[in-house]
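# Structural overview for review
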Amino acid sequence: MLHLRRKESIQLTARFAAIFVVVLLVVIPVWDGAFEARMWGAPTFNMRLLVVGIAVAVILNRAVSSRLRRHFPCLPMLMLVIAICLLCVFAAEDRLATQRMFSAHSFLLLGLVVMIAIMPLTLLEAAILSAPIMILLGVAAQASLATGFVALEMILAVLLPLAVLSSLVQLYRTMVAAQEIAVDPLTGCFTRAFGMEMIRVTFDSSVRKNAPYTVAFIDLDDFKQINDRNGHDYGDRILAEVGANLVDRFRRSDLVVRWGGEEFLVLLPELERGQAQDVLERVMAPGLACLEAGKMQRASVGLSERVEDAISIPQNLIDLADQRMYDAKKRRDHDDMISDNLSGRRHPVADGLAAAATKKSSPTGSKAANQTLN
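The text that follows walks through the structure, step by step, so that each part is easy to find. (Residues numbered from 1 in each chain as written. Predicted model: local features only at pLDDT ≥ 70, side-chain atom pairs only at ≥ 80, totals over all residues. Heavy atoms only, no water.)

## Remarks on the side chain of Asp 32
Along the polypeptide, Asp 32 turns up in helix α2 (residues 29–32). A polar contact is formed between the side chain of Asp 32 and the side chain of Arg 48, at a distance of 2.7 Å. (Helix = DSSP H or I, 4+ residues; strand = E, 2+ residues; numbered from the N terminus. Polar contact = N/O pair within 3.5 Å; in protein donor to acceptor, adjacent residues only side chain to side chain.)

## Observations regarding the packing of helix α1 (residues 2–27) against helix α5 (residues 75–92)
Relative to each other, α1 and α5 sit at 30 degrees, their axes nearing to 9 Å. On the basis of their axis angle, the class for α1 and α5 is roughly parallel. For the element pair α1 and α5, the recorded crossing hand is left-handed. In contact with Ala 14, Ala 17, Ala 18 and Val 21 of α1, α5 contributes Pro 76, Met 77, Leu 80 and Ile 84. Classifying every residue of the contact of α1 with α5 gives eight nonpolar, no polar and no charged. (Axes fitted to C-alpha atoms, helices over the stretch in contact; angles between N-to-C directions. Parallel < 35°, antiparallel > 145°, perpendicular 65-115°, else oblique. Left-handed = near helix turned anticlockwise from the far one by under 90°. Contact = heavy atoms within 4.5 Å. Nonpolar A, V, L, I, M, F, W, Y, C, P; charged D, E, K, R; others polar.)

## Let's talk about the pairing of strand β3 (residues 263–269)
Successive side chains on a regular strand alternate, one facing one side of the sheet and the next facing the other. Summarising burial for β3: seven of the seven residues are buried, a large majority. Every second residue of β3 is oriented toward a common face, with Glu 263, Leu 265, Leu 267 and Pro 269 on one face and Phe 264, Val 266 and Leu 268 on the other, all of them buried. In this structure, strand β1 (residues 213–220) lies alongside β3, joined through seven bridges in antiparallel fashion. In the strand pairing of β3, Phe 217 is matched with Leu 265. Examined bridge by bridge, strand β2 (residues 255–260) and β3 share five bridges and lie antiparallel to one another. Counted as the bridge partner of Val 257 is Leu 265 from β3. What sits between β2 and β3 in their antiparallel hairpin is a turn of two residues, with Gly 261 showing a positive phi close to 60 degrees. (Buried < 20%, exposed > 50% of the residue type's maximum accessible area, 1.4 Å probe, protein only. Pairing = 2+ DSSP bridges.)

## Side note on the pattern of salt bridges
Counting across every chain of the model gives 12 salt bridges. One salt bridge connects Glu 292 with Arg 229, and the closest N-O pair in it is separated by 3.5 Å. Of the two residues, Glu 292 sits in the loop between α12 (273–284) and β4 (299–305) while Arg 229 sits in helix α10 (residues 223–230), which places them 63 residues apart along the sequence. According to the relative accessible area criterion, Glu 292 is partly exposed, its value standing at 36%. In this structure Arg 229 comes out as exposed when scored by relative accessible area, which is 55%. Of the charged contacts, one joins Glu 308 and Arg 273 as a salt bridge, the two residues approaching to 3.8 Å between their closest N and O atoms. (Salt bridge = Lys/Arg side-chain N within 4 Å of Asp/Glu carboxyl O.)

## With respect to α12
For α12, spanning 12 residues, the distance from its first C-alpha to its last is 16 Å, which sits close to the expected 16 Å at 1.5 Å a residue. Those residues of α12 that sit buried are Ala 276, Val 279, Leu 280, Val 283 and Met 284. Buried residues along α12 cover an arc of 125 degrees about the axis, so they all sit on one side. Looking at the packing, one finds that the buried side of α12 touches β1, α11 (232–249), β3 and β4. (Expected span 1.5 Å × (residues − 1). Arc of directions from axis to C-beta.)

Interpretation in functional terms is not warranted from these geometric data alone.
Below you can see the structure in the form of structure tokens.
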């Protein structure tokens, strides 16, 4: 989840940086004279065209392949930084370049440094993005590279370290925000919002791999009665214990989601339904939480599997598991009634005696009793 959030933020910032580069290189030649006929064949003009092409490719998400963007989200921004640094070097060797052109390139670099500051980067990523700029400053110190009207070396010496620190702060804030969104504070399971997002990601991954994908819907039995009888604090303790046990007993690759109230959803990638059934039996066998009088919290479970049930939409997979959970709960209730010597049907003689006794008590009570039975 954190990687997805970071990737989206980094790539969006890189596209904004590319837009800034394109706009500046299109507008600023009106001021620095790069559109003049004598500059059309100059190295500065050609390098600007190359930089604009790279920036347009970044805007269109065509600068690098989607696979590289997934693994190295800062790569498009790195290409922009390298391109701008090379533009500064080539322009410094161009005899036709003016002080205003050097200043324009300095503004480009400063703008990219500001963009780096708002990216949630790791220390390694920040160092990689800063490396071309540091090399450029080293070359400028040795060769007296022209930077126009802006004292670029002095400004970058202060601004670049601040940008790196700012990017690390952005990463920390992203981690905290992802933690708050993803984890339910009571149970330690993932939240429903996070679960909905992750089931789409993992479901699509299983489709690409042509792998099985099972969903388990878990609902605690008689939890409402337990909660009403013992209070909400007691119910919260049960939920916290159930959540901790579910998280501990499943694999790290499985996702345990608190779906709502006493309902939990477990995503089991690369498990067939039969394998998932065995796993759930082992998870449920010790009980999910300790109740009063030495009893254990029980639960009803419904399973659905992508391939076996021929389901192509994640929500349908959840709905099917939910329905099977309710079917299992009905069977459990029926089995409990039989174990208590109850058939589940009213005895006509007993019903007649109960109705007569209620009728003698009061007409209002008789009416209320009939509504309750109905």
